[in-house]
Amino acid sequence: MLPLLAVASVGVLIAACEKEEGIPSPELTTAGAESSMCHIKVLHASPNFRDMLGVPDSLDVYLNGIKINSGSNFTYGNAFPANPTAPNSAVGTYAAVRAGAVNVRVVRRGASLFDSATVASIPTTLVAGGYYSFIITDSVRNLRDSSRIFVRDNFTIPTPGRYIIRLVHAAADSADRRIDIWSTRRNNYLYTNIPSGSVGSFISQPQFSVADTLIVRRAGTMNELTRINNIIFTDQRVYTLVYRGKEGLTSGARARSLIYYLHR
C-alpha cells in the first residue's frame, strides 16, 4: 500500500492558532457511528525511510496543524489508532477530525509542528462521515494517492455469516514483483497476480469459525514469501490485509510480512 510536493513552509496563521490553543487530542470513534466528522487510520509501512532520507523514521501526522497520532513511538510497523505492539489486534477505531479541505503533513518528530521537518505535504478534501486509511509507504512523496497510499475506506456492514476484506500490496519493491495469497482452509487462492502498490476493493467472503493460514507466494509459483498462521476472520467484520516490508528481507523488524487491521 506507495516524489510528492515541495516542502511547504508553515503558515503564520496556523502558527498563531497552535501557540494559543495547543494541539488537541483527536477524538476516537468506532467505524459505523453517525458523525459529521471524517475519520482516519494511519499505518507506518515505509521500511526504507531511514535509507532514503538519512534521518530517523519517527514520524507525526498533522491535519491543518493538528497532530492526529499520539504516543512517542510512531515508527515502522506502528499504527494509529491501534495497539502499537499488536497491529493484528487493533480495534476498529479511527481518529475523528473536521471534514473539508485539509493539508495532511507528515513530519519527522519534534516537540511541535514548528520544530519538526516536513517529509511530505498532501492537500486533500475529506468528506464528512467518510473513513480513510493513510498507509505511509516508501512512496510517501509521490503525487499519486494510490502510491503513498491515501485511500477512502468504502465498505458496507457485512450480512450475517460473512465478513469483508481487501488487500493492500505495500511491500517496498522496485521491480513490481506480483504476489498470490493462498488459503489453506479453502485449499485455493484468495488473491492472484497482485501488483506492488495496489489497493484492492472490499470483497465479501463467507465466514467460517475454523482457523486459516494465509500464505503469500510469488505470483504463479510455489515460492513462499511469508504467512499468517491460525487466523479467524470474525462474522460481520471488515478487514484490510497489508503485505509490507523489504522484498528479499526474511528476518528482522522490516522483513516482508502479512498483517491485517480491523475497520469495524
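What counts and what doesn't
- Residues numbered from 1 in each chain as written.
- Predicted model: local features only at pLDDT ≥ 70, side-chain atom pairs only at ≥ 80, totals over all residues.
- Heavy atoms only, no water.
- Pairing = 2+ DSSP bridges.
- Helix = DSSP H or I, 4+ residues; strand = E, 2+ residues; numbered from the N terminus.
- Axes fitted to C-alpha atoms, helices over the stretch in contact; angles between N-to-C directions.
- Buried < 20%, exposed > 50% of the residue type's maximum accessible area, 1.4 Å probe, protein only.
- Contact = heavy atoms within 4.5 Å.
- Phe/Tyr/Trp six-rings, centres within 6.5 Å; stacked < 30°, edge-to-face > 60°.

(A) Highlighting the sheet that holds strand E15 (residues 212–218). Here four strands make up an open sheet; going across it, the order is E13-E12-E15-E16 and the pairing antiparallel. Every other strand in the sheet has two partners, leaving strand E13 (188–194) and strand E16 (224–231) as the edge strands with one partner each. For this sheet, the mean angle separating the axes of adjacent strands, direction not counted, is 15 degrees. Pairing between strand E12 (residues 179–183) and E15: five bridges, direction antiparallel. Residue Ile181 lies in a different strand from E15, and its bridge partner there is Val216.

(B) Region of the structure containing the environment of Pro206. Note that Pro206 resides in strand E14 (residues 203–206). Judged by its relative accessible area of 27%, Pro206 is partly exposed. Remark: the alpha-carbon pair of Pro206 and Tyr163, spanning 43 residues in sequence, is separated by 6.4 Å. Once you skip the residues sitting within four places of it in the chain, Pro206 turns out to touch Gly161, Arg162, Tyr163 and Arg186.

(C) Quick peek at the packing of aromatic side chains. Within this structure, the stated rule accounts for ten aromatic pairs. Between Tyr132 and Phe150 the ring centres are 6.1 Å apart and the planes differ by 50 degrees, which places this aromatic pair in the tilted class. Note that Tyr132 is positioned in strand E9 (residues 131–136) and Phe150 in strand E10 (residues 150–152), a separation of 18 residues in sequence. Neither residue differs from the other here; Tyr132 and Phe150 are each classed as buried.

(D) Examining unusual backbone geometry more closely. Non-glycine residue Asn193 carries a positive phi angle of around 55 degrees. Mapping Asn193 onto the fold places it in strand E13. Backbone geometry at Asn230 places phi at a positive 55 degrees, although glycine is not the residue there. Locating Asn230 in the fold gives a position in strand E16. By relative accessible area, which is 64% here, Asn230 ends up exposed.

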